[in-house]
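# A structural walkthrough
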Amino acid sequence: MAEIIEQKAPPVQTPAPPEKPKQSKEQKQRNRKRLRTLIVTVIVLVLVAVGGVFLYRFLTAQGSVDSEIQSQPAMLSSIQSTVQGSGNARAKESAAITLTQGGTVQEVYVTAGQTVTVGQPLYTIRSQEAEDAVTTAQEKVNNLQEDMADLVEKANNLTVRAPFAGKLVEVTEFQTDQNISEGEAVCTLANDRQLKLSLYFNYLYEGEISVGQTAQISIPAVMAPFTGTVETINKVSYISPEGSTYFEVIIVFDNPGTLTEGMVATATLTAADGSPIYPYANGETEYYEVRKISTEAAGPLVSQDLLRYANVEEGQALLVMGSDTIDSDIRAKQKEIDEAVEDLTEAQKALSNFNATAPIDGTVTSCTLTPGAEVRSGDTVITISNNTNMVVEITVDDRNISFVQPGMTVDLTDYNGNIFVGTVTSIDMSVTGDNSSNGMTSYPVTLEVDNSAGTLLAGMWLDYSFVASQSDNCIVVPMQSVKYISLEDGSTASVVFVQADERPENALDIEIPPVEEGQTPTYPSPEDGYWPVPVVTGLDDSYNVEIKEGLEEGQVVFVNYLVTSGWG
C-alpha cells in the first residue's frame, strides 16, 4: 500500500502596506475647512429645494375669498371744509444797525436781552470818516443847487418880461430867428400910471411939510386940478438967486391917462394953521419910473411883443428866445442833485448810526459793542426785535383763497400743542406762475399774532387750520360711498349705490365688472340689492361728503367690502 504523504505548500507572505506619511497641522486644518464648507453647501441646497416646493404649492394653491358688504344709512348732519397747513413765525418788527464807516466805541448803554423803547440811546461811536462824509456830501449838494439856480435863472431870462405895468416908450426891432446876444437893449418901459413932481420949498416950512401929506396939483395945460401925496422929502440945499435956501419935496399923483412927462405943473400944501404953502417955482411932470430893459441871456428869437407906446402889464412877455440845451442841462443837473441828496441822506444816516437811538420798541437780541473797541464798515452792531406782536406767513391755494378775508381769525398750534390765534392782515393776490404747482396757485397770507406772553419764538413752525365753508342740516355719507364711473358718452358721473328692493327711477345702467374666483367685487350689483344712482356732491372733510342731490335721509348706501381670505 502506497503511503500518501501530504505535502503543504509554503505560506505566501503578503507584503505589508506602505506606511502613510504623517499629515502636518496646517493640512489637517484645511481638510476640516473643506468638510465644513461641503456640509453647509448641502444644507443650503436642501433648504432651497424645500422652499421651492412650498413656493410652488403656494402659487398653485386655490385661494378662497369671502367679502361682506358694508353699508350705512345717509344721515342728516353738518359738515365743514377745513383748510390746513403750516407757516413760520417771525417778529413783526425788527431793526438791525449796520455801520458804513469804521470808528472807536465810546459808550454802550444797552446789553443783549434788554428791553428798549423808541428813541432810547444805544451807544456812541467816534468816526471822523462818517463826519467827513457828511461834510463832503453836503458841500456837493450845495454846489449843485447853486448850479441849478443859475440854469433856472438862465432859462427864465430867455423870456424878457415887463417888471412893472406901464408904457413902452422906446423899443428895438428884431427879426424872426435872429440870434440875440446877452445884454442887448430891448426897450424902455415907463410907469406912466403915476406921475411925480419935484418942487422946492423954503426951509421956513420944514416943520409944516411931512411924508403922506396931501397936495393940490395944478397943470395949466389941462386947466384941471389933481390931488397928490408927498412921497419923499430930501433935505438938500437949493440956493435961489435971491439967496434963500430950499429943500426938495417929491409929490406923486395918479395919471388919468391924459397926462405925460414934461408938463409944467405946481402944487400947493396947507400949513397947520390953514394957510397955503407955495413952492419956490413950478416944476415939470415926470414918469414915476423909467427902466431900460436888456437881455440877460442869449438865443434865437422865438417871439416878440414890442410896440412903441404900447401899454403892458407887470409880468407880460415882451421877448422870447429859445435854447437847444437849457432843458437838457436842467434835467441832467436835477439828476445830479437827486443822486447827491441821496448820498447825503445815506451819509447822515450812517453818521446817526454812530450815535444811535432805538428805532423801534423791542428787545435787544444782539449787541457786539464794548467800550474802546474798534469797529469796521459793514459791522452789524445792534439788532432789536419787537416780539410782542409776531407775524406768521402762510400760503393758501386758489381753491380756498376766496374764503380768506382780512380780519378773520386762524387757529395756530406749535409742536408742543400750544394754541395761538392769528388775524389775517394782508393777502397777496399778485403772485405769478412761480407759485404754481400741479395746476394750483398758492397765495401768501400774513397773520398777526398777539405774543404778549412771549411764548411764541421767532423761527417756530406753526400748524394752521380754518373753516373754509360749512353746511348745516345736509345729507352726508362716507367718502368711500361716492364712486366715479365713466359713462358711454365719455363723461364721468358721481354715483352712490343705494340699497333697494327694486330699481329706483333715477338708477343708471352701468356695466358691473365680472368677479373672478378669488377676487373682491368692484361694485355691488342689483343681485346684491344695490343700484347706482347719480348724486351731486358738495363739501367734504376727511371722512364724509355732502350730498346735495340724489339721496334722502335714511337711505342705505354701499360703503365698501369687508374682505376675509383663506388659502388651501
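Refer to the structure printed above.
Residues numbered from 1 in each chain as written. Predicted model: local features only at pLDDT ≥ 70, side-chain atom pairs only at ≥ 80, totals over all residues. Heavy atoms only, no water.

## Some thoughts on helix α2 (residues 128-157)
Using the following cut-off: We count a stretch as a helix when DSSP gives it H or I for four or more residues in a row; a strand needs E for two or more, and each element gets its number in order from the N terminus. By this rule, a helix spans an expected 1.5 Å times one less than how many residues it contains. The contact criterion used throughout is that any non-hydrogen atoms of two residues lie within 4.5 Å.
Over its 30 residues, α2 runs 44 Å from end to end, which matches the ideal 44 Å to within 8%, given 1.5 Å per residue. Elements that come into contact with the buried residues of α2 comprise β6 (159-161), β18 (317-321) and α3 (326-352).

## Thoughts on the pattern of salt bridges
Selection rule: The term salt bridge refers to a pairing of a side-chain nitrogen on Lys or Arg with a carboxyl oxygen on Asp or Glu at a separation within 4 Å. For every residue, the accessible area (1.4 Å probe, protein chains only) is compared with the maximum for its type, and the residue is labelled buried under 20%, exposed over 50%, or partly exposed between those bounds.
With the rule as written, the count across this model stands at 11 salt bridges. Note that Arg126 and Glu131 form a salt bridge whose closest N and O atoms lie 3.1 Å from each other. For Glu131, a relative accessible area of 31% translates into the label partly exposed. With a closest N to O distance of 2.9 Å, Glu206 and Lys235 form a salt bridge. Of the two residues, Glu206 is situated in the loop between β9 (185-202) and β10 (214-219) and Lys235 in strand β11 (residues 224-239); the sequence distance between them amounts to 29 residues. Each of the salt bridges in this network shares a partner with another, and the network as a whole consists of Asp147, Lys333 and Glu336.

## What about the environment of Tyr246?
As for its position among the elements, Tyr246 is in strand β12 (residues 245-254). Judged by relative accessible area, which is 9%, Tyr246 ranks as buried. When the C-alpha atoms of Tyr246 and Tyr200 are compared, they prove to be 5.7 Å apart, with 46 residues separating the residues in sequence.

## Some thoughts on the environment of Leu462
Mapping Leu462 onto the fold places it in strand β26 (residues 461-478). Between the C-alpha atoms of Leu462 and Asp414, which are 48 residues apart in sequence, the distance is 4.7 Å. Apart from the residues within four sequence positions on either side, Leu462 is in contact with Gly85, Ser86, Gly87, Ala89, Val392, Leu412, Thr413, Asp414, Phe420 and Leu456.

## Structural notes on the sheet that holds β18
Selection rule: DSSP bridges decide pairing: two strands pair if at least two such bridges lie between them.
Spatial strand order, β6-β18-β16-β8: 4 strands in an open sheet with antiparallel pairing. Looking along the sheet, the strands with just one partner apiece sit at the ends: β6 and β8 (179-180). As judged from the 3 bridges shared by β6 and β18, these two strands associate in the antiparallel manner. Bridge pairing in β18 places Arg161 opposite Ala317.

## Regarding the pairing of strand β19 (residues 362-367)
When a strand is regular, its side chains alternate between the sheet's two faces. Sheet analysis places strand β4 (residues 115-116) next to β19, joined by 2 bridges and oriented antiparallel. If you follow Thr115 over to β19, its bridge partner there is Thr363. Pairing between β19 and strand β21 (residues 380-397): 4 bridges, direction antiparallel. Pairing of Cys367 across the sheet is with Ile382, part of β21.

## Overview of the side chain of Asn191
We apply this condition: Pairs of N or O atoms are called polar contacts if they sit within 3.5 Å, as long as, within protein, a hydrogen donor faces a hydrogen acceptor (for residues adjacent in sequence, only side-chain-to-side-chain pairs).
Considering the arrangement of structural elements, one finds Asn191 in strand β9. Among the polar contacts listed, one links the side chain of Asn191 to the backbone nitrogen of Arg193, at a separation of 3.1 Å. Apart from residues lying up to four places away in sequence, Asn191 is in contact with Phe164, Ala165, Gly166, Tyr287, Tyr288 and Glu289.

## A word on the pairing of strand β23 (residues 419-427)
Judged from the 5 bridges that link them, strand β22 (residues 409-413) and β23 form a sheet pairing that is antiparallel. Pairing of Leu412 across the sheet is with Phe420, part of β23. Counting the residues in the hairpin turn of β22 and β23 gives 5 residues, including Gly417, whose phi is positive at 85 degrees. Pairing geometry for β23 and strand β25 (residues 440-450), over 5 bridges, is antiparallel. Looking at the pairing, Ser426 lines up with Thr446 of β25.

## Concerning the packing of α2 against α3
Our working definition: Comment: axis = line fitted to C-alpha atoms, over the contacting stretch for helices; angle = value between 0 and 180 degrees taken between N-to-C directions. In this scheme, roughly parallel covers angles under 35 degrees and roughly antiparallel covers those over 145, while 65 to 115 is roughly perpendicular and the rest are oblique. Two helices cross in a left-handed way if the nearer one is turned anticlockwise from the farther one by less than a right angle. They cross in a right-handed way if the turn is clockwise. Note that Gly is not counted as nonpolar here; it falls among the polar residues with everything else outside the nonpolar set of Ala, Val, Leu, Ile, Met, Phe, Trp, Tyr, Cys and Pro and the charged set of Asp, Glu, Lys and Arg.
The contact between α2 and α3 brings their axes to 9 Å, and the two run at 160 degrees. Considering their axes alone, α2 and α3 lie roughly antiparallel with respect to each other. Along this stretch, α2 crosses α3, giving a crossing that reads as left-handed. Residues belonging to the contact of α2 with α3 are distributed by class as follows: 17 nonpolar, 4 polar and 8 charged.

## A look at a nonpolar patch on the surface
As a reminder, the rule being used: Only residues whose relative accessible area exceeds 30% and that take part in no salt bridge are eligible for patches, with like-charged residues grouped when within 9 Å of each other and nonpolar side chains (Val, Leu, Ile, Met, Phe, Trp, Tyr) grouped when within 5 Å. The Shrake-Rupley method, run with a 1.4 Å probe, gives the accessible areas here. Residue values count only the displayed protein chains as cover.
Among the surface-exposed residues, Val236, Tyr238 and Tyr280 lie close enough to one another that they form a single nonpolar patch of about 220 Å² accessible area. For Val236, the position within the fold is in strand β11.

## A short note on the sheet that holds strand β3 (residues 103-108)
Taken together, the 3 strands give an open sheet; going across it, the order is β5-β3-β20, and neighbouring strands pair in antiparallel fashion. In this open sheet, the two strands that pair with only one neighbour each are β5 (123-126) and β20 (374-375). Pairing of β3 with β5, which is carried by 4 bridges, proceeds in the antiparallel orientation. Residue pairing across strands places Glu107 opposite Thr124, the latter belonging to β5.

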